[in-house]
Amino acid sequence: MIEAVQTSSQFTQRVFSGIQPSGGLTLGNYLGAMKRFVDMQGQDYETIYCMVDLHAITVWQDPAKLRHATRELCAGFIAAGIDPEQSILFNQSAVPEHAQLAWIFNCVARMGWMQRMTQFKDKAGKNAQNASLGLFAYPALMAADILIYHATHVPVGEDQKQHLELTRDIATKFNHDYGVDFFPITEPVIEGAATRVMSLRDGSKKMSKSDPSDASRINMTDDADTIAKKIRKAKTDPDALPSEAKGLENRPEARNLVNIYAALADMSVEAVLKDAGGKQFSEFKPILSELAVAKLAPISTEMARLTQDAGEIDKILDRGAERAREVAAPILKKTYEIVGMVGA
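Residues numbered from 1 in each chain as written. Predicted model: local features only at pLDDT ≥ 70, side-chain atom pairs only at ≥ 80, totals over all residues. Heavy atoms only, no water.

Under the annotation held in an unreviewed UniProt entry, the protein chain carries the name Tryptophan--tRNA ligase and is attributed to Shimia gijangensis. According to the UniProt record, the Subunit (unreviewed entry) comment for the protein chain reads "Homodimer." What the UniProt record of the protein chain gives under Catalytic activity (unreviewed entry) is the line "tRNA(Trp) + L-tryptophan + ATP = L-tryptophyl-tRNA(Trp) + AMP + diphosphate + H(+)". (UniProt positions renumbered as here; feature names shortened; annotations may be inferred.)

If you want it as structure tokens, here you go:
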């Protein structure tokens, strides 16, 4: 792929990221994304967060469930601490500039780049010929999501790092092809103890809302008793916790629970193990459970309250879309001018 150059200082420091409203927020969404979004809010950059409903329909979605999931996700953002006045919060389909820029990027990206995307291979499986064109072109739309705001930083999990590298390639090729320094070379922000939260039943698999076992995940709608029960029954090994992070190697379930504790407590893994080293899981799980309930139950309660008022959620999303378009529209207009569109 094309070698990227450093982001120019000419660009406003701006963060963009999004989550698919494909039903059911999990602890993985919270620790891997939302908590990090909240941490970046109010710092030295503008923050823009999105429910990426156009991405959700790359596989078929029930329309009524998609509407509910979008509103529930918005409630989740707010309950987790996103302030819709301080950050821009909206749903992707309400800002047509995303899809418009995605077409330009479809014409910039190369087929070979797209064919190397491992997430397409994973999702399409052996039946790739029956996958939607949208699923194949997903990374170009993701690039448009980011670059329509000239976002300079994107908090992502390890599983999305390849897509962000493609975003950088598209920006670099566009700038090179048209002799401009128009799109920033966006920087990934991959940090924290639990940027990839694993299943409570199998530490080798990512925690997923699509897993048929509800016991494999903590849902952000779970009440306190359910959270405690799932942690109590989480798969572990028979050994005591080590005193150093190195001792978690080849112990995926132990590493996962320690990572979750560290992320919830805003501690390093090393600090957790300094306190917990030598404890059996029969001692550690109740401590983790108490922490998880304290951190997550209030979010669950607030999500439920907010979701009851669809009209208020829709007002927040409408206002967010207006604010998003104020940023996106001039960038799309200039992109059209650069490409040579008449009347842009």
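**Overview of helix α1 (residues 27-40)**
In a regular helix each residue adds 1.5 Å, so 14 residues correspond to 20 Å; α1 covers 19 Å between its end C-alpha atoms and thus fits that length. For α1, the principal kink sits at M34 and spans about 30 degrees. For α1, the complete set of buried residues consists of L27, G28, N29, Y30, L31, G32, A33, M34, K35, R36, F37 and M40. You can read the cap of α1 off the contacts: a side-chain oxygen lies 3.1 Å from the backbone nitrogen of G28, and it is on T26. (Helix = DSSP H or I, 4+ residues; strand = E, 2+ residues; numbered from the N terminus. Expected span 1.5 Å × (residues − 1). Bend = angle between axes of the 7 residues up to and from the residue. Buried < 20%, exposed > 50% of the residue type's maximum accessible area, 1.4 Å probe, protein only. Polar contact = N/O pair within 3.5 Å; in protein donor to acceptor, adjacent residues only side chain to side chain.)

**Side note on the pairing of strand β3 (residues 88-91)**
What you see with β3 is no split at all: I88 and F90 on one side and L89 and N91 on the other are buried throughout. Summarising the sheet, strand β2 (residues 46-51) and β3 pair through four bridges and their orientation is parallel. In the strand pairing of β3, C50 is matched with F90. (Pairing = 2+ DSSP bridges.)

**Details of a positive patch on the surface**
A cluster of basic residues, R201, K229, R232 and K233, forms a positive patch on the protein surface. Mapping R201 onto the fold places it in the loop between β5 (187-189) and α9 (224-232). According to the relative accessible area criterion, R201 is partly exposed, its value standing at 38%. (Patch = residues over 30% accessible without salt bridge, like charges linked within 9 Å, V, L, I, M, F, W, Y side chains within 5 Å. Areas by Shrake-Rupley, 256 points an atom, 1.4 Å probe, with all protein chains shown as cover. Salt bridge = Lys/Arg side-chain N within 4 Å of Asp/Glu carboxyl O. Lys, Arg positive; Asp, Glu negative; His and termini not counted. Charge placed at Lys NZ, Arg CZ, Asp CG, Glu CD.)

**Considering the nonpolar core**
As a rule of thumb, soluble globular proteins bury nonpolar side chains together. Counting residues in each nonpolar core, the largest one holds 56 residues, and the members touching the most others are Y30, F77, I260, L264, F284 and L296. Here the element with the most residues in this core is helix α12 (residues 281-307); it accounts for nine residues. Domain assignment of the residues forming this core places at least three in each of domain 1 (14-195 + 309-339) and domain 2 (214-306). Sequence-distant contacts of L296, that is, excluding residues within four places in its chain, are made with L27, Y30, I218, M220, I227 and L264. In this structure, A109, A140, M142 and A151 belong to the second largest nonpolar core, which totals 45 residues. (Core = buried A, V, L, I, M, F, W, Y, C linked by side-chain atoms within 4.5 Å. Domains from an automatic or database assignment. Contact = heavy atoms within 4.5 Å.)

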